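# Survey of secondary and tertiary structure
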Amino acid sequence: MTASLTYDEMLERSAGIQKRADIYILVGGGLIGTTVFGLLGLPFFLYGLWQIKRAEDEGLPIRPFLMTFVGALVLVDGFLNTLGTMIDVFANHSLIIRVFEMGWGLFVDGGYAWQFNSIWYGGTSVPGEKAWEIANVFVLFPMRVVAAWGFLQMKRWGYQWMIISSWMGVYAWVGYCFNMTTYWEVRFSDIAWPVYGWWIYNIWYITPFIVLPYLYTINREMFTDD
């Protein structure tokens, strides 16, 4: 079928597929980022990726699947961390969050169970944890979401900010890990999964370390300034 299309028709069809796929990826990534509706968002997310993969296999001139996968991965990373951190910063007095955060604290990270909601801005009372939350929820993670979307739209600024925000992610990961171990007697005592539980959870935060080497292999001329 692809062979019978003219080049202009192939470009038009590719653009349509990519636009639809990106909408599915955006909706799915956003739902996954809420955590509560994560399973609901997964089919949308995977379907968007599958559309790109199928079009690439058909030989259509479309954004490479690996590039799409990397951009989508960072998009989900940004959504998960933005929304996940926001609930502790802004919704800490709601019943569902108090139950969820205290449960999370007793399961993996005692920093969320220690004197929860006892300081004036609510949520976790560990000073280092709260400082990282404020910095990340207002700067780093929203930046990651916007950069990933711009990257998927093949914008040069999206590509540039993907690199910048990934290096910022490395910085945040190192600082956050040190913050965790500084209060180890609070965060890793009397919980179900102490140190190894944190490292299982922390695997997701190595995204910048995986993404950065790939970003430096991409030909930046593929991206537009429009």
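It should be noted that the structure appears before, not after, this text.
Residues numbered from 1 in each chain as written. Predicted model: local features only at pLDDT ≥ 70, side-chain atom pairs only at ≥ 80, totals over all residues. Heavy atoms only, no water.

### Observations concerning the overall build of the protein
Secondary structure assignment for the protein yields nine helices and zero strands. Considered along the principal axes of its C-alpha atoms, the protein spans approximately 65 × 30 × 30 Å. Expressed as a percentage of its 226 residues, the buried residues of the protein come to 46%. The contacts in the protein between residues at least 6 apart in sequence include a share of 67% that link residues at least 24 apart. Of the roughly 11,900 Å² of accessible surface on the protein, a fraction of 71% belongs to carbon and sulfur atoms. Computing the positive centroid from 13 side-chain charges and the negative centroid from 18, the protein places the two 4 Å apart. (Helix = DSSP H or I, 4+ residues; strand = E, 2+ residues; numbered from the N terminus. Buried < 20%, exposed > 50% of the residue type's maximum accessible area, 1.4 Å probe, protein only. Contact = heavy atoms within 4.5 Å. Areas by Shrake-Rupley, 256 points an atom, 1.4 Å probe, with all protein chains shown as cover. Lys, Arg positive; Asp, Glu negative; His and termini not counted. Charge placed at Lys NZ, Arg CZ, Asp CG, Glu CD.)

### Some remarks on the packing of helix α6 (residues 156-182) against helix α9 (residues 207-215)
One can describe the packing of α6 onto α9 by two numbers: an axis separation of 9 Å at closest approach and a directional angle of 145°. Crossing angle aside, the handedness with which α6 passes α9 is left-handed. The segment α6 lies against α9, with Tyr159, Met162, Ile163, Ser166, Trp167, Gly169, Val170 and Trp173 engaging Pro208, Phe209, Val211, Leu212 and Leu215. Tallied by class, the residues present in the contact of α6 with α9 amount to 11 nonpolar, two polar and no charged. (Axes fitted to C-alpha atoms, helices over the stretch in contact; angles between N-to-C directions. Left-handed = near helix turned anticlockwise from the far one by under 90°. Nonpolar A, V, L, I, M, F, W, Y, C, P; charged D, E, K, R; others polar.)

### Regarding the layout of surface pockets
What the largest pocket holds in volume is close to 940 Å³. In terms of lining, the largest pocket is formed by 37 residues, of which the most central are Leu80, Asn81, Gly84, Tyr201 and Tyr205. For the lining of the largest pocket, the elements supplying multiple residues, two or more each, are α3 (65-90), α4 (95-107), α5 (127-152), α6 and α8 (195-202). No other element matches α3, which puts eight residues into the lining of the largest pocket. Partitioned by chemical class, the residues of the lining of the largest pocket number 21 nonpolar, nine polar and seven charged. (1 Å grid on protein atoms, 1.4 Å probe; cavity = no way out; pocket = protein on both sides within 12 Å on 5 of 7 lines; lining within 4 Å. Points joined across faces, edges and corners; volume = space filled by probe spheres on them.)

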